[in-house]
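Next come the chains, spelled out residue by residue.
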Amino acid sequence: MRQGTVVVITGASSGIGRAAAYAFARRGCRLVLGARREELLGRVRDALAQRYGAEAIALRCDVRRAEEVERLIAAATDRFGRLDVLVNNAGVGHYGRVEDTSEQDLRELIETNLLGVFHGIRATVPVMRRQGSGHIVNVGSAAGKRSWPFHGPYAATKFAIEGLTQALSAELAGSGVTVSLVVPASTRTPFFETAKLAVPGFRPSPIGRMQSAQQVAEKIVRTVDHPTPELITVPLLRAAFVLAEAFPRLADFAAKRYYREAMRRSASGSASGTAAERAPASNGTPRRSAASAERS
Ligand SMILES: NC(=O)c1ccc[n+]([C@@H]2O[C@H](COP(=O)([O-])OP(=O)(O)OC[C@H]3O[C@@H](n4cnc5c(N)ncnc54)[C@H](OP(=O)(O)O)[C@@H]3O)[C@@H](O)[C@H]2O)c1
């Protein structure tokens, strides 16, 4: 990666976005970091400057608001004169049955996970088209390749991102602008704690082995260094997705079995052992833990 590459990352205050900021800074990139929690974001910026001497701007940005995303992109061009990479990473989780999900909850998910990416694309494409170069990396999810019980509303937003990404990639052919979808599997971040829970007694647990945020961040960097339309961060998962496509009855059978078992354990209160700690999301408040955000 060229020294001084200008990278904008949404959702850089925590988890994968924060790890990506470190990974790009280590390679001499200049950064524009966006998220809602300004204090956490400021700490990331300061740590990057201290450790790597990185030039970084931290800006409050709620990706649900087009004008705030436009401001983030403008900060890159105003300060650094260009924009080479956008990582559309900001996202929130939600666990609940489709039938129990309120319209409001679905709207909130769509606004952050889908509209947030859309706003990033809309603000960035004109800049990159003018430059004749650039790379947009959208962060999807394994749940956006194959949905699973309790993941329906979240998965719907991630499937949608894949749809946007594929079309955009073709539409930008010949412009010098590249588009990639990075598909993380379960990753050790505060995501599981901040996700909204709409299943009393159910504890969202990772499916399969957890990756670290750093591992996913390195994949994001690799996608920029070696552009590819889609990068699944756990290669073996690609085989699982192909199998699920080829044998939909088998995939459906496995999902139904998982669902029955999860509901049985949820009813007996043993699914999480933490139902008391983790109040169901009926209060409508996403749980956030600054301490855990710091850990990731
Ligand atoms: N962890 C996993 O297992 C996993 C698996 C597959 C895909 N992913 C995807 O990876 C991405 C990053 O998630 P993560 O695991 O790193 O979770 P995380 O640690 O909870 O980080 C989420 C980031 O998104 C930001 N964010 C949330 N809503 C926002 C909004 N309205 N405007 C701006 N920023 C917002 C948060 O910052 P503020 O709260 O400060 O705004 C935070 O920086 C998400 O798109 C997620 O869907 C995660």
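Just so it is clear, the model here is predicted, and its values are computed rather than measured. (Residues numbered from 1 in each chain as written. Predicted model: local features only at pLDDT ≥ 70, side-chain atom pairs only at ≥ 80, totals over all residues.)

Novice: Would you explain the overall build of the chain in this entry?
Specialist: When you go through the chain residue by residue, the secondary structure sums to 10 helices and 11 strands. Relative to its full complement of 296 residues, the chain shows a buried share of 42%. When contacts within the chain are restricted to residue pairs at least 6 apart in sequence, those whose partners lie at least 24 apart make up 75%. (Helix = DSSP H or I, 4+ residues; strand = E, 2+ residues; numbered from the N terminus. Buried ≥ 20, exposed ≤ 12 C-beta atoms within 10 Å, placed from the backbone. Contact = placed C-beta atoms within 7 Å.)

Novice: When you look at the pairing of strand E7 (residues 177-183) in this model, what are you seeing that I'm missing?
Specialist: Strand residues, when the strand is regular, have side chains that alternate between the two faces of the sheet. Most of E7 sits out of view: 7 of its 7 residues are buried. Burial of E7 is two-sided: the residues Val177, Val179, Leu181 and Val183 facing one way and the residues Thr178, Ser180 and Val182 facing the other way are all buried. Strand direction decides the pairing type here: strand E6 (residues 134-139) and E7, joined by 6 bridges, are parallel. From the neighbouring strand, Gly134 faces E7, where its bridge partner is Val177. As for the winding sense of the linkage, the β-α-β connection from E6 through helix H5 (residues 152-171) to E7 is right-handed. By the bridge criterion, 3 bridges tie E7 to strand E11 (residues 230-232) in an arrangement that is parallel. Bridging across to E11, Val182 finds its partner in Leu231. (Pairing = 2+ DSSP bridges. Right-handed = clockwise from strand over helix to strand, strands pointing away.)

Novice: Mind showing me how you'd approach the sheet that holds strand E1 (residues 6-10) here?
Specialist: What holds strands together in a sheet is hydrogen bonding between their backbones, with the strands either parallel or antiparallel. Taken together, 7 strands build an open sheet; the order of strands is E3-E2-E1-E4-E6-E7-E11 and the sheet is parallel. Sheet topology places strand E3 (56-60) and E11 at the edges, where each strand pairs with a single neighbour. Taken pair by pair, the neighbouring strands of this sheet meet at an average axis angle of 15°, ignoring direction. Sitting on the sheet, helix H2 (residues 38-52) is in contact with strand E2 (30-35) and E3, with an inclination near 180° to E3. (Axes fitted to C-alpha atoms, helices over the stretch in contact; angles between N-to-C directions.)

Novice: Is there a simple way to think about the site of the ligand in this case?
Specialist: Close to the ligand lie 30 residues; Gly11, Gly15, Arg36, Arg37 and Gly91 are nearest. Of all elements in the fold, only helix H1 (15-26) and helix H6 (191-194) reach the threshold of two or more residues within the shell around the ligand. The class makeup of the residues in the shell around the ligand is 11 nonpolar, 15 polar and 4 charged. (Near = placed C-beta within 6 Å. Nonpolar A, V, L, I, M, F, W, Y, C, P; charged D, E, K, R; others polar.)

Novice: Quick question: what am I supposed to make of the packing of H1 against helix H7 (residues 213-225) here?
Specialist: In a packed pair of helices, the relevant descriptors are the angle between the two axes and the axis-to-axis distance. Closest axis-to-axis distance for the H1/H7 pair is 8 Å, and the angle between their directions is 55°. Taken together, the axis directions place H1 and H7 in an arrangement best described as oblique. In this structure, H1 meets H7 at a crossing whose hand is right-handed. Seen from H1, the contacting residues are Gly15, Ile16, Ala19, Ala20, Tyr22, Ala23 and Phe24; seen from H7, they are Ala213, Gln214, Val216, Ala217, Glu218, Ile220 and Val221. Tallied by class, the residues present in the contact of H1 with H7 amount to 11 nonpolar, 2 polar and 1 charged. (Parallel < 35°, antiparallel > 145°, perpendicular 65-115°, else oblique. Left-handed = near helix turned anticlockwise from the far one by under 90°.)

Novice: Explain the nonpolar core to me, please; I cannot follow it from the model alone.
Specialist: Nonpolar side chains tend toward joint burial in soluble globular proteins. With 65 residues, the main nonpolar core has Ala20, Ala21, Leu31 and Leu33 as its most contacted residues. Per element, the largest residue contribution to this core is 8 residues, and it comes from helix H4 (residues 103-131). Here Ala20 is in contact with Ile9, Val87, Asn89, Ala217 and Ile220, once residues within four sequence places are set aside. With 5 residues, the next largest nonpolar core counts Tyr95, Phe150, Leu197 and Val199 among its residues. (Core = buried A, V, L, I, M, F, W, Y, C linked by C-beta atoms within 7 Å.)

Novice: What is the right way to look at the pairing of E1 in this model?
Specialist: Counting buried positions along E1 gives 5 out of 5 residues, so the element sits mostly inside the fold. Along E1, one buried face is formed by Val6, Val8 and Thr10 and the opposite face, lined by Val7 and Ile9, is buried too. By the bridge criterion, 3 bridges tie E1 to strand E4 (residues 85-88) in an arrangement that is parallel. Counterpart to Val8 in the pairing with E4 is Leu86.

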